[in-house]
Amino acid sequence: MASTGHALPDTGARTTLPWSGDPLLDAKLTVPAAPRAHVARHRLLDGLSAGAAGPLTLITGPAGTGKTTLAAAWARSGGPPGPVAWLTLDMYDRTPGVFWSYVVEALRRALPRLPDGIGMPSAPGDAGTSLLTRLAAATERLPAPVVLVLDGFEKVAGRRVPAGLEFLLEHAGPLWRLVITSRVDPLLPLHRYRAEDRLTEIRGADLAFTPHEVAVLLRRHDLRPPEDVVQALTRRTEGWAAGLRLCALAMGRTDDPAAFVRSLVSSEQVVSGYLLAEVLDAQSAATTELLLRTSVLDRLHPDLANALGGGGDAEAILARLTRENAFVEPVPGTTWCRVHPLFAEVLRTQLRIRHPGLAPRLHARAARWLAGAGCVTEALEHAAQAGDWQYATWLALRQLLVGSLLATPEAERVAGAFAGMPSSVPGAEPALVAAACRLARQDRAGCRTHLAAAERARDERRPAGPHPRGTDPQPHPEVALTHALLRLLCGPGDGERGEHDGVGAHGPHRGGRGDGDVGGDGDGGDGRRLRAAEEAARAVSDLQRQLPAGLVRVHPEIEALRLHGLARAFLGAGRLGEARHLGAEAVDACTTDATLPLRHRALGLLALAESAEGALTSAEDHALRALALTEGQGVGPDQCSGAGYLALAVVVVERDEREDREAAHRRLEQALACPDVPDDPVLAAEAAVLRARLELSRGRWEAALGALPGPGAAGERWPAQRLALTRAVVALARGDHRAAIAAVHDVPADGPAPLIALAGAHLVAGRPDRARRLLDRACGSPRLSLPDRVAAQLVRAHAAVLADDRTTAQRLLVDALDAARPERLRRPFTDAGPWLRHLLGGIDGTAAAPARGAWLTARGGAALPCPVTPLSGREREVLGCVQRMMTVDEIAAELTLSVNTVKTHLRSVYRKLGVSRRRDAVERARELHVL
């Protein structure tokens, strides 16, 4: 064990380093004075005081963010819980001997009664374990808390000093407090301190000045600009303390400070002159040239700076600028750095003045370097600023950025890069990128237009006649994949979809069929559409196998988009089972954070398909999961899909939960606010059906019909079918079976739902035999959904009632109730008409129990037990919001509670009801008559 060597000197003597005799500097051990026009930032001072209740407080941030000023202001205030020992560090404190000598001296000055015998290091290279042990032991006997502030800890390099601090933190007494300021995180086990709740952190974002603090700072300089100017100044400086003080000083030298602020926001003329004189002109010619050439960048890398003409010594120049706080600061955890926006604007202006026309060439050079470094989106932005659209589109296609544009949080940046691309740029690649940008804006028609232009450009470029040996007339796999994926996702246009299969005013249902029903399952426009989608999906899959495995691996959104597009095509064709299967695969394919926006859309589409099939419990679960991804998880408003909102509204309508109709209205309005609903035929039709259903539930037949677009508006098979069947429901509710039959005749003939609806209309019209034949055909379909099955049973029960066979009618009704009960499906029963109420009233005994309780009691009418512990009033309110399918954040806003409090109430509700999920809690509460 190394010896500590020397005892502490007497209080009156000047302490020196034992090995050199050099005195310890008082300036390093003194709390710095407050700067002129200092702003007391009480929110940060309070945070420091709260942090001093624990052993370690860490203040980190870039240069000039006010770390030292904050710590010094706190040390001078009444915030610390006891004496403050201050140590300002520099590069000479990196050796353990020097560092711990100053620490002991700082503590001795703060605590005159510090026990003797702690000693001092005897050599600069080692402090000795004995000294640290004695120091830790001394802290165990402190009469009151003591705070050691280590300012500028980033200057202490290596592991030895941090290791000693870690030892002291582990073994010090309970009244020991440590505050560290640093530009970088110290080499301490911060993750463990966080987990043990022993660490308080104040980061760079916390240190940024708020608009209020900016206004106070300006008032300290006798400046009182209006609020909008303060806001603009805060945005431009990003709240950076050094930049704000620089602006305030410059503004104070003018005769008209308000005009100066206006000029700063508009032309920056005056502040540019100040920065030129104070910062840029102080640099060497080589440094100035590097700063000017790299001003086209948002962030700097030494190698990139050299590529732009930095002369090969960019790393040393940038390191020096960072050390000197010359408006250049490192990006933590990387080898990159950034120039503050204020200085960057000045540099860009000077580049245009001193080197006219150079900026586009620098952007083009930066684009190629960044592309080679894997920073593809950034490369695209520079290629766009260079006006090099051929390279930009070539790069976007080779790097499969159609996936980023359509499915990831990078979509806004990629779309922004191409926002200025002229429509006159020739070639297939620009047309494909333009098509992808249109699809990202939900403009399917525009996407198809640009796809057609890409095909024409490709055909024009293909040489006629036999191809010379060694040439490949086929496009690159990445280009072909993009084309196939866009074809799949946007679908064919109206001119490509053909007529409905055997329907329309002249279709076979108007003649040629004895039952007057809809035509059979043809293979017209919708069959061609589905085959085209399957062919495009197969092409995408085949082309992925031709690409480098690494490229495919870093773009999981391509396969997810393929599955999602295919699921959407099957849903549009009414193939609900296949749509559900593919939708689930699309969700599973979204494996990274980058695919969260697509996962949100895939979950919503899956929920919509499930709700249509009657899988209401799964639909609700998947829809809520889709909505949860919009709550601060990277899915922005422009990427939000209405499918999940529509699915939740469908669940409410299908369950006919009258008390939740407002929830359905709210979900519908949220869906209509999403960008994909108006342009997607499936989503737009579902929104219209929901609007009509909600109007019908209020008895407003005309409004219900007015909510539905005319026949042929939907285009695709399934949405057209949903709209027509809803017209038939409204017609039957008015007692107009002729209008109902006419509405069903307009339905594309696919699936059992039109046959069941037509059977019901014919039964009301007095044609029971025709109705039975239609039902037999419908029930033989392999695509019979739960709502279809229940509706068919109810039509048969109605036919039995009309035949005066009440026993059969009752049996069929009980079968329908039993089938509907697990999903609490009520809508087919409310659509059935008044005959059902009479039949329910005539059923007795156990057969009536499922109907009488509306699935809230068990079969046989047995009483259900109540919760062991009653729910509190607040828990009932939270559960009521859950019943309305509100998210945790929405519940918190509704009840004016914190999110954590809502979660606590939910856990209590689950425990009392003996469940583990939201939907089970609601169902259990209904069974117990709690709701």
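Coordinates for the structure precede this section.
Residues numbered from 1 in each chain as written. Predicted model: local features only at pLDDT ≥ 70, side-chain atom pairs only at ≥ 80, totals over all residues. Heavy atoms only, no water.

1. Some remarks on the overall build of the protein chain
For the protein chain, the count of helices and strands is 47 helices and seven strands. A total of 931 residues make up the protein chain; the buried ones form 53% of that total. Partitioning the contacts of the protein chain with sequence separation of at least 6, the portion at a separation of at least 24 is 70%. A total accessible area of about 39,300 Å² is found for the protein chain, and carbon and sulfur atoms account for 52% of it. (Helix = DSSP H or I, 4+ residues; strand = E, 2+ residues; numbered from the N terminus. Buried < 20%, exposed > 50% of the residue type's maximum accessible area, 1.4 Å probe, protein only. Contact = heavy atoms within 4.5 Å. Areas by Shrake-Rupley, 256 points an atom, 1.4 Å probe, with all protein chains shown as cover.)

2. Notes on the packing of aromatic side chains
All told, the structure shown has five aromatic pairs when counted by the stated rule. Taking 5.0 Å as the distance between ring centres and 90° as the angle between the ring planes, the aromatic pair formed by phenylalanine 99 and tryptophan 100 counts as edge-to-face. Note on tryptophan 100: relative accessible area 1%, which makes it buried. A ring pair is formed by tryptophan 336 and tryptophan 369, whose centres lie 6.1 Å apart and whose planes are at 75°; its orientation type is edge-to-face. Highlighted residues: tryptophan 336 in the loop between β6 (328-330) and β7 (337-339) and tryptophan 369 in helix α17 (residues 358-372), separated in sequence by 33 residues. Using a relative accessible area of 11% as the deciding quantity, one classes tryptophan 336 as buried. Three or more aromatic residues joined by ring pairs make a cluster, and in this case those are Phe99, Trp100 and Phe153. In this structure, arginine 41 packs its charged tip against the face of phenylalanine 209, placed 3.9 Å from the ring centre. Taking NZ or CZ as reference, arginine 299 lies 3.8 Å from the ring centre of tryptophan 336, over its face. (Phe/Tyr/Trp six-rings, centres within 6.5 Å; stacked < 30°, edge-to-face > 60°. Lys NZ or Arg CZ within 6 Å of the ring centre and 35° of its normal.)

3. Re the side chain of threonine 15
Inspection of the secondary structure puts threonine 15 in the segment before α1 (42-51). Within polar-contact distance, the side chain of threonine 15 engages the side chain of glutamate 105 at 2.8 Å. (Polar contact = N/O pair within 3.5 Å; in protein donor to acceptor, adjacent residues only side chain to side chain.)

4. Here we look at the packing of helix α36 (residues 737-745) against helix α37 (residues 752-764)
If you want to describe how two helices pack, look at the angle between their axes and the distance between the axes. Between α36 and α37, the least distance of the axes is 9 Å, while the angle of their chain directions is 160°. If you check the angle between α36 and α37, you find them roughly antiparallel. As α36 packs across α37, the resulting crossing turns out to be left-handed. Listed contacts from α37 to His737, Ala740, Ile741 and Val744 of α36 are Pro754, Ala757, Leu758, Ala761, His762 and Val764. Here the contact of α36 with α37 is composed, by residue class, of eight nonpolar, two polar and no charged. (Axes fitted to C-alpha atoms, helices over the stretch in contact; angles between N-to-C directions. Parallel < 35°, antiparallel > 145°, perpendicular 65-115°, else oblique. Left-handed = near helix turned anticlockwise from the far one by under 90°. Nonpolar A, V, L, I, M, F, W, Y, C, P; charged D, E, K, R; others polar.)

5. Re the pattern of salt bridges
Scanning the model with the defined rule gives 52 salt bridges in all. Note that aspartate 93 is salt-bridged to lysine 28, the shortest N-O span being 2.6 Å. With a gap of 65 residues between them, aspartate 93 in the loop between β2 (84-88) and α3 (96-110) and lysine 28 in the segment before α1 connect regions that are remote in the sequence. For the pair aspartate 93 and lysine 28, one class covers both residues: buried. Note that arginine 413 is salt-bridged to glutamate 381, the shortest N-O span being 2.7 Å. (Salt bridge = Lys/Arg side-chain N within 4 Å of Asp/Glu carboxyl O.)

6. Regarding the environment of proline 62
Considering the arrangement of structural elements, one finds proline 62 in the loop between β1 (56-60) and α2 (67-76). Distance in space between the C-alpha atoms of proline 62 and glycine 204 is 6.6 Å, their sequence separation being 142 residues. Not counting the four nearest positions on each side in its chain, proline 62 is found in contact with Lys67, Gly204 and Glu329.

7. What to know about the packing of helix α35 (residues 717-733) against α37
Their axes nearest at 11 Å, the elements α35 and α37 cross at an angle of 20°. On the basis of their axis angle, the class for α35 and α37 is roughly parallel. Pair α35 / α37 crosses with left-handed handedness. Within the contact between the two elements, α35 uses Gln721, Leu725 and Leu732 and α37 uses Ala753, Pro754, Ala757, Ala761 and Val764. Looking at side-chain class alone, the contact of α35 with α37 contains seven nonpolar, one polar and no charged residues.

8. A short note on helix α31 (residues 643-655)
End to end, α31 covers 18 Å across 13 residues, agreeing with the expected 18 Å (1.5 Å per residue, within 8%). Counting buried residues along α31, 13 of its 13 residues qualify, which places the element largely inside the surrounding structure. Looking one or two residues beyond α31, the residue adopting positive phi is aspartate 656, at roughly 50°. (Expected span 1.5 Å × (residues − 1).)

This is a description of form; function is not addressed.
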